[in-house]
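Structure at a glance
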Amino acid sequence: MAALMQERFVPSAGLFLAGLTGVAMLVAGVGVWLVLAVVVVWSASFWIAAPPPPARTEIKVDGLTISRSGMRDLIEHSGLAMLLIEDDRIIVANAQAREEIGKHVIGQDARVALRHPAAIDLLSRPEGGHAVIQGLTGPRSSWQMQIQKIDRRYSLVELINRTSEADISRAHTDFVANASHELRTPLSSIIGYMETLHDEGDAVGPEKTRKFYGTVLREARRLQALVEDLMSLSRAEAEKHDQPSEELDLVKLVSQAARDGAGFKEPGRLELEMPEGALTVRGDRNQLEQLVRNLVDNGMKYGDADTPVTVRVRRGERAMAILEIADRGEGIDATHLPHLTRRFYRTDPGRSRAVGGTGLGLAIVKHIVERHRGRLDIASIKGTGTTVTVRLPALSE
């Protein structure tokens, strides 16, 4: 009762007035029980009309007292998603949390808002703690959730998005598995043919021996090409954050690299459409030459043998240099286009291996374009052909 009286305002003047009125009524001859009832009702009306005790608006953290609004301001612009929970209810969600999990969570029970068994289990721990939550905001999402108990009433929840790290880890795992498979295939072929030649010796016969040696040489060259592409991809990934500074004439570079990519067998299929004068870009000469060779080589391999591959350079809008390589082949189905720059992705694995493809050419091109702060677009129409467009920042004349 004493604690209750401390929490509420006691109207002393009103109680005194009620008592004085009761005395006056007694003097006037009013019955004692009626006077007592009036005084009690009058006094009770003060308690009924008194406002409820104010909600607690202060939070103590490590001996410091912070208001709710102060706590809201403190975490609002944090790069981490943060929630302030009062008695299992979310009362504050900072800007990052509202973006990641939605504005609707404010005012909700945290267990209902997060809706994940691992998160609910962590919220129920009286001492707080941390855990990795898989699938909190999506099927492939990964979050590190940490709860810090401020006191018995308040908790601070931090949500750290680990999805990108998980994606990178999966990509590395897939890359190692795919690379191992791609390396194992030619190695198994080489070992198999050489073991046959070694075990059977002269019994194999000259013609079959020559055929076996041809197969071994072809698989060895395929293995060599795969290792070289793996090294090129590794270098491109390692250097993609270092913007090149060398000034290059893109017209001359593309003209020479396109001829190298076409090779000596089919130079007549190459069509060059170059502007007059120079078109200067900042770039790495070796990487840009490799980019052009890879794209021209793809056009020669996958375009129709009797049709040309067109290499075009022109100046685009917004100070961009545009490189286009177009073939007139059978084209690529639209479902494959978003995946073409993935490592070891092939629309037709059998045909790709038959023409000597490693499945890394466009992945290398993508990383080279990213390093040069450019943009890569691939458009294809079934039965018409494929056009690869590279946009690079051009220097003013």
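Our structure's up above, just so we're on the same page.
Residues numbered from 1 in each chain as written. Predicted model: local features only at pLDDT ≥ 70, side-chain atom pairs only at ≥ 80, totals over all residues. Heavy atoms only, no water.

A few points about unusual backbone geometry
Trans is the prevailing form of peptide bonds, just as negative phi is the prevailing case for residues other than glycine. Despite not being glycine, Arg115 has its phi angle at roughly 50°, a positive value. Mapping Arg115 onto the fold places it in the loop between α6 (110-114) and α7 (117-123). On the basis of relative accessibility, which here comes to 61%, the residue Arg115 falls in the exposed class. Here Arg318, not a glycine, exhibits a phi torsion of approximately 60°, which is positive. Along the chain, Arg318 falls in the loop between β11 (309-316) and β12 (320-326). On the basis of relative accessibility, which here comes to 81%, the residue Arg318 falls in the exposed class. (Helix = DSSP H or I, 4+ residues; strand = E, 2+ residues; numbered from the N terminus. Buried < 20%, exposed > 50% of the residue type's maximum accessible area, 1.4 Å probe, protein only.)

Considerations on the nonpolar core
Generally speaking, nonpolar side chains in soluble globular proteins are found buried as a group. Counting residues in hydrophobic clusters, the biggest one holds 43 residues, and the most contacted among them are Leu291, Val296 and Leu323. Counting only elements with at least two residues in this core, the list comes to α9 (206-238), α10 (250-262), α11 (285-302), β11, β12, α13 (361-371) and β14 (385-393). No other element matches the seven residues that α10 contributes to this core. The residues contacting Val296, other than those within four sequence positions of it, are Ala258, Gly261, Ala262, Leu270, Val311 and Ile325. Ala97, Leu136, Ile147 and Val157 belong to the second-largest nonpolar core, a separate cluster that totals 22 residues. (Core = buried A, V, L, I, M, F, W, Y, C linked by side-chain atoms within 4.5 Å. Contact = heavy atoms within 4.5 Å.)

Overview of the environment of His104
The topology assignment puts His104 in the loop between α5 (95-101) and α6. For the pair formed by His104 and Ala93, sequence separation is 11 residues and the distance between their alpha carbons is 9.7 Å.

As for the pairing of β12
Across the seven residues of β12, seven count as buried, placing the element largely inside the fold. The two faces of β12 match: Met320, Ile322, Glu324 and Ala326 on one face and Ala321, Leu323 and Ile325 on the other face are all buried. Here β11 pairs with β12 via seven bridges, running antiparallel. Looking across to β12, one finds that Thr310 is bridged to Ala326. (Pairing = 2+ DSSP bridges.)

Observations regarding the pattern of salt bridges
All chains considered together, the criterion is met by 18 salt bridges. For Asp88, the salt bridge identified is with Arg111, shortest N-O distance 3.7 Å. Taken together, the residues span a long stretch of sequence, with Asp88 in the loop between β3 (81-86) and β4 (89-93) and Arg111 in helix α6 at a distance of 23 residues. Asp377 is the salt-bridge partner of Arg391, the closest N and O atoms lying 2.8 Å from each other. Of the two residues, Arg391 sits in strand β14 while Asp377 sits in strand β13 (residues 375-381), which places them 14 residues apart along the sequence. With a relative accessible area of 24%, Arg391 lands in the partly exposed category. Overall, Asp377 belongs to the partly exposed group, its relative accessible area being 27%. Residues participating in the shared-partner salt-bridge network are Glu273, Arg312, Arg314 and Glu324. (Salt bridge = Lys/Arg side-chain N within 4 Å of Asp/Glu carboxyl O.)

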